[in-house]
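Structural features, examined
The residues making up each chain are set out below.
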Amino acid sequence: MLRVMTWNIRTGGRDRGGGDRLDQVVQVVDEQAPDVLALQELRGFERDGLMATVAGRVGMTPHLARSCFGQPVAVLVRPPYRVVDAGPVRRPFHHAAARVVVATSAGPLTVLGTHLYPYSGGRRRMEVDWLVAAMRRNQGPLTIVTGDLNSLDPTVEHTERLAGMPTLYRRRHLRRSGDAVDTRAVARLLDAGLVDLWPSANADAPEAAGLTVPTELGGAEFAGMRLDYLFGSLAVAQRVRDCRVVRGGVPATASDHYPLLATMDLSAG
């Protein structure tokens, strides 16, 4: 079984003028043992060999995408899974997007790991268009698009939840007119034929079970939301056996986001 996890670890697992959460991050990754791990907000990971150090501690090989304006992202892969191609998605993402192709028993699996623009739905929509174009350049049927998308699900009603947020943060999730919730980024991924793996695997679960923010570490910008996603092509979705938010214990304080983990019927190729 292939285990794929996405996680925003918040400012590189370290707080300005505060504590270092990297040991907690490493502990969670060790406990969940993903074979493919998409990480976001890797502040400082491009310097002083920190990416290689953390990857070595969890026994994975890193593929880092540096950021134009924000923070790097990475996709890490655990042996015996073998990477056959890797590199950044070369567009001016606010943060970044990494592309990694992994050999599996059913053929090459393309993983796009990203962190979308936090402040504007229009910019997120543009960044998703770049991801969809990169996905369509992939010739194989096995594709995953994952990360902190900073975007709301168009199949769920959000008005009441957003109404309780401070205006500064509520605006991030509204159309420019201010009178409609902006769900265009996620809608475009669905329109591209991808399957949202959490609701697909948890049809009878309450909506709250899928929320990925906030954790006990908190965050005034959150109001109980699902911002972290795993999307799969139909061939991937058909192989998913479980998809869950990793809650409780160390994940509750290691970041302001919970990890999202999917298990699928694939093995190393």
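Residues numbered from 1 in each chain as written. Predicted model: local features only at pLDDT ≥ 70, side-chain atom pairs only at ≥ 80, totals over all residues. Heavy atoms only, no water.

**Observations concerning the pairing of strand β7 (residues 107-115)**
Inclusion rule: Only protein chains enter the area calculation, which uses a 1.4 Å probe; residues under 20% of their type maximum are buried, those over 50% are exposed, and those in between are partly exposed. Here a strand is any run of E in DSSP of at least two residues, a helix any run of H or I of at least four, and the numbering for each starts at the N terminus. What makes two strands pair is DSSP finding at least two bridges between them. When the strands point away from the viewer, a crossover counts as right-handed if the path from the first strand over the helix to the second runs clockwise.
Burial runs high along β7: seven of the nine residues are buried. Sheet analysis places strand β6 (residues 96-104) next to β7, joined by nine bridges and oriented antiparallel. Bridge pairing in β7 links A96 to H115. Direction of pairing for β7 relative to strand β8 (residues 142-148): parallel, over a ladder of seven bridges. Within β8, the position partnered with V111 by the bridge is I144. Of the crossover connections in this fold, the one passing from β7 over helix α3 (residues 121-137) to the parallel β8 is right-handed.

**A closer look at the nonpolar core**
Stated precisely, the cut-off is as follows: For this analysis, a nonpolar core means a set of buried residues of the types Ala, Val, Leu, Ile, Met, Phe, Trp, Tyr and Cys, connected via side-chain atoms within 4.5 Å. Contact criterion: two residues are considered in contact whenever any of their non-hydrogen atoms come within 4.5 Å of each other.
Counting 32 residues, the largest nonpolar core has L2, L197, L230 and M264 as the members making the most contacts within it. With four residues, the single largest contributor to this core is β6. Once residues within four sequence positions are removed from consideration, L2 is found in contact with D35, V36, Y81, L109, A262, T263, M264 and L266. L22, V28, V29 and M51 belong to the second-largest nonpolar core, a separate cluster that totals 24 residues.

**Some remarks on α3**
Rules: One less than the residue count of a helix, multiplied by 1.5 Å, gives the span that helix is expected to have. Side-chain atoms alone can form a polar contact between residues adjacent in sequence; in general such a contact is a pair of N or O atoms within 3.5 Å, and within protein one must be able to donate a hydrogen while the other accepts it.
Between its first and last C-alpha atoms α3 spans 25 Å; for 17 residues at 1.5 Å apiece the expected length is 24 Å, and the two agree. Burial in α3 covers these residues: G121, R124, E127, V128, W130, L131, V132, A134 and M135. Residue S120 occupies the N-cap position of α3, its side-chain oxygen lying 3.3 Å from the main-chain nitrogen of G122.

**Thoughts on the pattern of salt bridges**
Under the convention used in this document: For this analysis, a salt bridge means a side-chain nitrogen from Lys or Arg found within 4 Å of a carboxyl oxygen belonging to Asp or Glu.
Counting across every chain of the model gives twelve salt bridges. Here R226 makes a salt bridge to D196, at a shortest N to O gap of 2.7 Å. Highlighted residues: R226 in the loop between α7 (197-201) and β10 (228-232) and D196 in strand β9 (residues 195-196), separated in sequence by 30 residues. R244 is the partner of D242 in a salt bridge, and the nearest nitrogen-oxygen pair spans 3.8 Å. Three or more residues joined by partner-sharing salt bridges are found here, namely D153, D196 and R226.

**What about empty space enclosed by the protein?**
Rule in force here: In this analysis, the protein atoms alone were mapped onto a 1 Å grid. Cavities are point sets where a 1.4 Å probe fits without being able to get out; pockets are open sets with protein on both sides within 12 Å along at least five of seven lines; lining residues have an atom within 4 Å of a point. Grid points are joined across faces, edges and corners, and a volume is the space filled by probe spheres set on the points.
All chains considered together, the criterion is met by one cavity of 30 Å³ or more. Lining of the largest cavity is provided by P118, N150, R172, H173, E221, F222 and L227.

**Description of the packing of aromatic side chains**
Counted only if it meets this: Between rings of Phe, Tyr and Trp, where Trp is taken as its six-membered ring, a pair exists when centres lie within 6.5 Å; planes separated by under 30 degrees are stacked, by over 60 edge-to-face, and by other angles tilted. Lysine NZ or arginine CZ positioned within 6 Å of the ring centre and within 35 degrees of the ring normal marks a charge as sitting over the ring.
Summed over all chains, the structure comprises three aromatic pairs. Here the aromatic rings of Y117 and Y119 are separated by 5.4 Å at their centres, their planes lie at 90 degrees, and the arrangement is edge-to-face. Residue classification places Y119 among the partly exposed residues on the basis of a relative accessible area of 47%. Arranged with centres 5.5 Å apart and planes meeting at 20 degrees, the rings of Y229 and F231 form a pair that is stacked. The aromatic ring of Y117 is capped on one face by R123, whose charged end is 5.9 Å from the ring centroid. Between the NZ or CZ atom of R247 and the centre of the ring of Y258, over which it lies, the distance is 5.0 Å.

Read these as spatial facts, not as claims about activity.
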